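Structural features, examined
Chain by chain, the residues:
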Amino acid sequence: MTVKDYGSSSQSTQPTNVQVIAPATLNAGYTFDAVYEGNTFTVTVPDGGVVKGQRFIVPFIPTAEATIMEASLLPLNSPNTRGNGMGEDSIPTGVWRDSLCDCCKFGPCHPSFLTALCCRPIIIAQLLTRMKMTWLAQRTRFRNSNSNLSDSRTEIDQRWRSTFRNIILVLVFYSVLMMVVPVPLLDPTNPNAYDELSDVEKKTYFINSSIHSALSALFGFYFFYLMVQLRATFRHVYSIPEENCLCLYCGGNPRDGICGSGGDGNRLCSAGVPVGVEDVCCVMFCPLCTTSQMARHTVDYEYRSATCCNSVGVTKYMDDEAYEGIENG
């Protein structure tokens, strides 16, 4: 975000004309969050809508009489990107760092891509840990010295530190159960293989097959749910609006998400953020690209080394890198 001042005003309470660059092509009435001088405010898209990169004026109170603000399309060395304070390794706000289909940007042998391809639960656990979320996709809470929730961030919830371990335990537990409940293999070349089984073998085959199917369904749904909540949290935290699937809201406000009322308090939205149709579609139809994109967004792998063997997937990672400045939704 770049800001240019054209003088100051003694009327500090008067609205300021702020020129915003649209982060995406958006319909009229769509709202998104922008940040100016550390203050987050809501921008409403004017009548007629906007296209990505279009500039439009919105009021902001207080500060200078006229400023130019780029609310998104942030350069990596911008002082208003979130990260560890290093320009070469900051996290963009308002737009994804790169596109959904850039999963091979750093080559097919990059650890983040290989983990997303071969063992997706591992990278999901790493991303949840980066975002300080629990293994149930709940966001951790913070407070200041006055015990009020705020962005000054004094940690009161340490459950996220066990997220990686807990998900590994889930993965191990699932693998062990699948091994200890064997399903007899039938000869695929023999169409009468099942009929040739004894009554006891048929009963065992039916029970074990049902257990396998149920475990697989629960395991798949669990990680599907985690990914949807995780992607919705990414968009909420970094003010990334939905660009696709907006027509599926059928006149509803995309800002409220599919759970309604922003997702807060809804049991289907444990992260407490609005879950969008785009989040569900991306996870459902392209989980590999979705997890890889989230991994690249919070870390610039051009400057940082990825690894498969720790709780965050990055070497020399500080606890608050991805989570710095995140508001409690």
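Rules behind the numbers
- Residues numbered from 1 in each chain as written.
- Predicted model: local features only at pLDDT ≥ 70, side-chain atom pairs only at ≥ 80, totals over all residues.
- Heavy atoms only, no water.
- Axes fitted to C-alpha atoms, helices over the stretch in contact; angles between N-to-C directions.
- Helix = DSSP H or I, 4+ residues; strand = E, 2+ residues; numbered from the N terminus.
- Parallel < 35°, antiparallel > 145°, perpendicular 65-115°, else oblique.
- Left-handed = near helix turned anticlockwise from the far one by under 90°.
- Contact = heavy atoms within 4.5 Å.
- Nonpolar A, V, L, I, M, F, W, Y, C, P; charged D, E, K, R; others polar.
- Buried < 20%, exposed > 50% of the residue type's maximum accessible area, 1.4 Å probe, protein only.
- Polar contact = N/O pair within 3.5 Å; in protein donor to acceptor, adjacent residues only side chain to side chain.
- pLDDT = per-residue confidence, 0-100.
- Patch = residues over 30% accessible without salt bridge, like charges linked within 9 Å, V, L, I, M, F, W, Y side chains within 5 Å.
- Areas by Shrake-Rupley, 256 points an atom, 1.4 Å probe, with all protein chains shown as cover.
- Salt bridge = Lys/Arg side-chain N within 4 Å of Asp/Glu carboxyl O.
- Phe/Tyr/Trp six-rings, centres within 6.5 Å; stacked < 30°, edge-to-face > 60°.

We now examine the packing of helix α2 (residues 120-130) against helix α3 (residues 163-180). Two numbers describe a pair of packed helices, the interaxial angle and the distance between the axes. Close contact between α2 and α3 brings their axes to 8 Å; oriented N to C, the two are set at 160 degrees. It follows from the interaxial angle that α2 and α3 lie roughly antiparallel. The handedness of the crossing between α2 and α3 is right-handed. Each of P121, I122, A125, Q126, L128 and T129 in α2 lies in contact with α3, whose residues at this interface are T163, F164, I167, I168 and L171.

Below, the discussion takes up the packing of helix α4 (residues 199-237) against helix α6 (residues 287-298). Remark: α4 packs on α6, axes separated minimally by 11 Å, with the N-to-C direction vectors making an angle of 40 degrees. When the axes of α4 and α6 are compared, the pair comes out oblique. α6 is crossed by α4, and the crossing has left-handed handedness. Residue-level inspection shows M227, L230, R231 and F234 of α4 in contact with α6, the latter providing P287, T290, T291, Q293, M294, H297 and T298. For the contact of α4 with α6, the residue count by class is five nonpolar, five polar and one charged.

Another aspect to go through is α2. Given 3.6 residues per helical turn, the α-helix brings residues three or four places apart onto the same face. Taken across its 11 residues, α2 has 10 buried, putting it largely inside the fold. Regarding α2, the residues found buried are P121, I122, I123, I124, A125, Q126, L127, L128, T129 and R130. On its buried face, α2 is in contact with α1 (111-118), α3, α4 and α6. Phi turns positive one or two residues past the end of α2, at K132, with a value near 55 degrees.

Here the focus is the side chain of D279. On the secondary structure map, D279 appears in helix α5 (residues 277-285). Looking at D279, its side chain comes within polar contact range of the side chain of R231, at 2.7 Å. Apart from the residues lying within four places of it in its own chain, the contact partners of D279 are V228, R231, A232, R235, E242 and P274.

The predicted coordinates ought not to be read in detail in places where the model reports low pLDDT. Mean pLDDT over the protein: 75, with 69% of residues reaching 70 or higher. Confidence, read as mean pLDDT per element, is least for strand β1 (residues 3-5) in the protein (37) and greatest for α2 (95). A low-confidence stretch, residues 63-88 (pLDDT under 50), is modelled with 108 contacts involving residues beyond four sequence positions or located in other chains.

Before going further, it helps to spend a moment on a nonpolar patch on the surface. Residues V172, V176, M179 and V180 make up a contiguous nonpolar surface patch of roughly 380 Å² in combined accessible area. Here V180 is to be found in helix α3. Taking the relative accessible area as the measure of exposure, V180 reaches 54% and is therefore exposed.

Under the counting rule described, the total for this entry stands at nine aromatic pairs. Pairing F106 with Y301 gives two aromatic rings, centres 5.9 Å apart and planes at 80 degrees, and the pair type is edge-to-face. Of the two residues, F106 sits in the loop between β8 (90-91) and α1 while Y301 sits in the segment after α6, which places them 195 residues apart along the sequence. When its relative accessible area of 27% is taken as the criterion, F106 is described as partly exposed. Judged by relative accessible area, which is 7%, Y301 ranks as buried. Joined through ring pairs, the aromatic side chains of W135, Y174, F219, Y222 and F223 make up one cluster.

Turning next to the environment of A193. With respect to the element layout, A193 can be found in the loop between α3 and α4. When neighbours within four sequence positions are excluded, A193 is seen to be in contact with L186 and D187.

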